[in-house]
Structure formats: structure tokens, C-alpha cells
Amino acid sequence: GENVEQHPSTLSVQEGDSAVIKCTYSDSASNYFPWYKQELGKRPQLIIDIRSNVGEKKDQRIAVTLNKTAKHFSLHITETQPEDSAVYFCAAFSNDYKLSFGAGTTVTVRA
Amino acid sequence: NAGVTQTPKFQVLKTGQSMTLQCAQDMNHEYMSWYRQDPGMGLRLIHYSVGAGITDQGEVPNGYNVSRSTTEDFPLRLLSAAPSQTSVYFCASSYSDRASEKLFFGSGTQLSVL
């Protein structure tokens, strides 16, 4: 099955700075890579996703990049704000109907 | 639309007890799944279903049963609760028959097994 590793486990940034979270996956057949944000005590919610036929995708202050050769993908958050503080999960989907998640990154934005 | 509804929100069980976590969605989604969330381990797939009458195992299925008699409902049964099953449980659904589209999560069930 798919194995997703996520780094770092915790990330503290100054408000206005950028945050980068990196994930690697093991199954070269994986073709869909979403990112979920979970605020404290809330449910995970999709913030951005990318498919294997695309190298980069942006949505306002967030962007995701995918390197299929190296089997890694990253989330970039620019101009961080206090409301960006949350746990972020990467995930990878392969053709066995399963979405495998990374262990999560706790992001803290310092005012 | 209510989205994905999970009940109960909190539950305390004694070791050996059984119970059912309920999950219902009103979006006519084909794909439904159950995850458990433990500190430092992310979300791990327990069971999933790609349509009514079809279920399959995820990463951590031991100790859990599921069934899918209707498109709307996907209950998770704990057969004989163990302390290792203390966790937060999330139900999630997707409109396609697979998880390669946006997952809609329920609000979660916090389960403690004593």
C-alpha cells in the first residue's frame, strides 16, 4: 500500500513569513494529492489538491508543487496570518480506492 | 444539505462493550469511509465503501465491522471495545466512487475506552 511521510511535524513562523510543508509518497501509481487543514477541535477540510498531470497549482496565498520523478509534493503558504495556525495533512491516492494521509504538521503563526 | 452527520459526538465505553458509530450523508455520495485519528499518526483508514452493498478494508480494520445497506448510511461497529480503540473517529464521503475527489468529513466522534 501507499506510504506517505510528512515533514516537519511542527512549524512555527512569524506572521507574514512563508511556511513550507513537504511530503513524500511511495507508490508511483499515485495520481491525486490533496492537502487538508484541521483547526483545533474541527473536522479536516480540503484546501488545495493537485493531480499527477500538473506540476504546480496556486490558490491565492497557498500553492502546491508536485515532483513525480522524486515522488514528493509540497505545500507553500505565503504571507502567513494567525488564521493559518492549524494542523495540515497531505495525502496520496493510488488506484486501490484508498487515500493515505501523512502524520500531519502543526503550524503556529506568531503575531 | 446537512452534509455528513456523525453521532454520537462523545462516547465512553468499558472494555468489552460493543457500540455503533452512525454516519449519514445527504449528498448522494457513492464513496464513504471511516478514519481514526490518533496523535502523531494522522488519519488512518479503517473501512470504506464504493457504493451500497460494497465494503472493503482499509489500513486498520481489526476490531471493526461496517455495512452499507443504503447510499446514505455507513455505520461503524465496534465488536468488543479495547483501550487501543480510544481515538477520534471521522466519517468522510466523496461524490465519485473513489477517494480521488474532495472528501467531506463529518464532525467526528471522540471515543474513550476504559
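See the structure above.
Residues numbered from 1 in each chain as written. Chains lettered and ligands numbered in written order. Predicted model: local features only at pLDDT ≥ 70, side-chain atom pairs only at ≥ 80, totals over all residues. Heavy atoms only, no water.

Q: Where do I start with the sheet that holds strand E7 (residues 64–66) of chain B in this structure?
A: By way of backbone hydrogen bonds, the strands of a sheet pair with one another, either parallel or antiparallel. All names here are of chain B. The sheet built from four strands is open, its strands ordered E1-E3-E8-E7 with antiparallel pairing. Strands with a single pairing partner mark the edges of an open sheet, and in this sheet they are strand E1 (4–7) and E7. Put simply, the sheet's adjacent strands are angled 20° from each other on average, direction ignored. Sheet analysis places strand E3 (residues 19–25) next to strand E8 (residues 76–78), joined by three bridges and oriented antiparallel. (Pairing = 2+ DSSP bridges. Helix = DSSP H or I, 4+ residues; strand = E, 2+ residues; numbered from the N terminus. Axes fitted to C-alpha atoms, helices over the stretch in contact; angles between N-to-C directions.)

Q: In this structure, what is going on with the packing of aromatic side chains? I would like to understand it.
A: Ring pairs (aromatic) are described by centroid distance and by the angle formed between their planes. In total, this model carries 12 aromatic pairs over all chains according to the counting rule given. Relative to Phe-73 of chain A, the ring of Trp-35 of chain A has its centre 5.6 Å away and its plane inclined at 70°; by these criteria the two rings are edge-to-face. Of this pair, Trp-35 of chain A sits in strand E4 (residues 32–38) while Phe-73 of chain A is found in strand E8 (residues 72–77), placing the two residues 38 residues apart along the sequence. Between the aromatic rings of Phe-101 of chain A and Tyr-35 of chain B, the centroid separation amounts to 5.3 Å while the plane-to-plane angle is 90°, which identifies the pairing as edge-to-face. Taken together, the positions of Phe-101 of chain A in strand E10 (residues 99–101) and Tyr-35 of chain B in strand E4 (residues 31–38) put the pair across two chains. Each member of the pair Phe-101 of chain A and Tyr-35 of chain B is classed as buried. (Phe/Tyr/Trp six-rings, centres within 6.5 Å; stacked < 30°, edge-to-face > 60°. Buried < 20%, exposed > 50% of the residue type's maximum accessible area, 1.4 Å probe, protein only.)

Q: I would appreciate a short explanation of the state of the cysteines in the present structure.
A: Formally, a disulfide is one covalent bond, and it connects the sulfur atom of one cysteine to the sulfur atom of another. All names here are of chain A. In this structure the tally under the stated criterion is two disulfides over all chains. Sulfur-sulfur distance for the disulfide between Cys-23 and Cys-90 comes to 1.9 Å. Of note, the bridge from Cys-23 to Cys-90 carries an S-S torsion of about -100° and is left-handed in sense. On the criterion of sequence distance, the pair formed by Cys-23 in strand E3 (residues 19–25) and Cys-90 in strand E9 (residues 86–93) is long-range, its members being 67 residues apart. Here Cys-23 and Cys-90 have matching classes, each one buried. (Disulfide = S-S within 2.5 Å.)

Q: Please explain the pattern of salt bridges as it appears in this structure.
A: In a structure, side chains of opposite charge can pair up when their charged atoms sit close to one another. Residues and elements named next belong to chain A. Under the definition given, this model contains six salt bridges over all chains. One salt bridge in this structure joins Lys-37 and Glu-39, with 3.6 Å as the shortest N-O distance. Residue class for Lys-37 comes out buried when judged on its relative accessible area of 16%. A salt bridge links Lys-57 to Asp-49, with the shortest nitrogen-to-oxygen separation between them at 2.9 Å. (Salt bridge = Lys/Arg side-chain N within 4 Å of Asp/Glu carboxyl O.)

Q: So what exactly am I meant to see when it comes to the nonpolar core here?
A: The nonpolar side chains of soluble globular proteins are, as a tendency, buried together. In terms of nonpolar packing, the biggest core is built from 23 residues, with Ile-21, Phe-33, Trp-35, Phe-73, Leu-75 and Tyr-88 of chain A touching the most fellow members. Only strand E2 (10–14), E3, E4, strand E5 (45–51), strand E7 (62–67), E8, E9 and strand E11 (105–110) of chain A provide two or more residues apiece to this core. Leaving out residues up to four positions away in the same chain, Ile-21 of chain A has contacts with Gln-6, His-7, Leu-11, Trp-35, Phe-73, Ser-74, Leu-75, Tyr-88, Thr-105 and Val-107 of chain A. Val-4, Phe-74, Leu-76 and Ala-81 of chain B belong to the second largest nonpolar core, which has 18 residues in total. (Core = buried A, V, L, I, M, F, W, Y, C linked by side-chain atoms within 4.5 Å. Contact = heavy atoms within 4.5 Å.)

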